[in-house]
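A structural walkthrough
So you can see what is in the structure, the chains are spelled out below.
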Amino acid sequence: MEPEQNPKQEQKVPLHQALTLYLHDIVYLLSAMMVVLLLVFRVVVVSGTSMNMTLLDGDYLLLLSNTFYQEPKYGDIIVVSKDSFDNGAAFVKRVIATEGQTVDIDFDNGIVYVDGLALQEDYINAPTTTRGGVQFPLVVEEGCVFALGDNRGISKDSRYTDIGLVDTREILGKAIFLMVPGTNRDQQKIDFERIGVIE
């Protein structure tokens, strides 16, 4: 008569086999995370001072990718790539108006109007007194947005003919989080308190 086996007894898996199984699972997990990150998020670095003081040169931004960001709204900070500007290099601007809205700018007083209402732009670094060649008033075409930089004195944006209206298909994504702060050139220091959600 054979001795009765205890059902609770388990066969021991050799250490090298267990490590191989764990490594296999980790590789799959990391691969899945990479796919999600590539589809949902992007990381870009701000280059230049056209968004001062909201964003600074060298800021690392986390973007919600255009795969999931489909409906731009006023105030959204977007990253754009246009073939007609700087060989398609990515640049950062703020959405001021969306399709069907009328934009007008009083360059003498530096005031931007959307659908006849003056915008209260607490985020700008300088009034909108610089012309760029685009004629106003301007109706934003279907599938497009009108975007400006916050540092209006030096920003190349939708006021300029080589940028103009931004087709929503040219938007790489919406900036949602400042991951690593850049440097304020005037103060030459990094302000880590700026890290956080971008509004």
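Provided above is the structure to which this section pertains.
Everything quoted here is computed from the prediction, not taken from an experiment. (Residues numbered from 1 in each chain as written. Predicted model: local features only at pLDDT ≥ 70, side-chain atom pairs only at ≥ 80, totals over all residues. Heavy atoms only, no water.)

1. Looking at the environment of Ser158
- Topologically, Ser158 is positioned in the loop between β9 (144-148) and β10 (166-167).
- Take Ser158: its relative accessible area is 1%, and that puts it in the buried class.
- Expressed as a C-alpha distance, the spacing of Ser158 and Ile96, which sit 62 residues apart in the sequence, is 9.7 Å.
- With sequence-adjacent residues up to four places away left out, Ser158 is seen in contact with Val134, Val145, Phe146, Ala147, Leu148, Ile163, Gly164, Leu165 and Val166.
- Here Gly164 takes part through its backbone oxygen, which lies 2.7 Å from a polar atom of the side chain of Ser158. (Helix = DSSP H or I, 4+ residues; strand = E, 2+ residues; numbered from the N terminus. Buried < 20%, exposed > 50% of the residue type's maximum accessible area, 1.4 Å probe, protein only. Contact = heavy atoms within 4.5 Å. Polar contact = N/O pair within 3.5 Å; in protein donor to acceptor, adjacent residues only side chain to side chain.)

2. Focus: the nonpolar core
- Counting residues in each nonpolar core, the largest one holds 17 residues, and the members touching the most others are Ile96, Val103, Ile105, Val112, Phe136, Val140 and Phe146.
- Contributions of two or more residues to this core are made by β4 (91-98), β5 (102-106), β6 (111-114) and β9.
- No other element matches β9, which puts 3 residues into this core.
- With residues near it in sequence (within four places) discarded, Ile105 still touches Ile111, Val112, Thr128, Phe136, Phe146 and Arg159.
- Counting 12 residues, the second-largest nonpolar core is a separate cluster that includes Val44, Leu61, Ile77 and Val79. (Core = buried A, V, L, I, M, F, W, Y, C linked by side-chain atoms within 4.5 Å.)

3. Focus on the packing of aromatic side chains
- The final tally for this structure, using the stated rule, is 3 aromatic pairs.
- Ring centres 5.8 Å apart and planes at 85° place the aromatic pair Phe136 and Phe146 in the edge-to-face group. Taken together, the residues span a long stretch of sequence, with Phe136 in the loop between β7 (117-118) and β8 (138-139) and Phe146 in strand β9 at a distance of 10 residues. You'll find Phe136 and Phe146 in the same group, each marked buried.
- Taken together, Phe107, Phe136 and Phe146 form an aromatic cluster joined through their ring pairs. (Phe/Tyr/Trp six-rings, centres within 6.5 Å; stacked < 30°, edge-to-face > 60°.)

So far we have only geometry, and geometry alone does not tell us how the molecule works.
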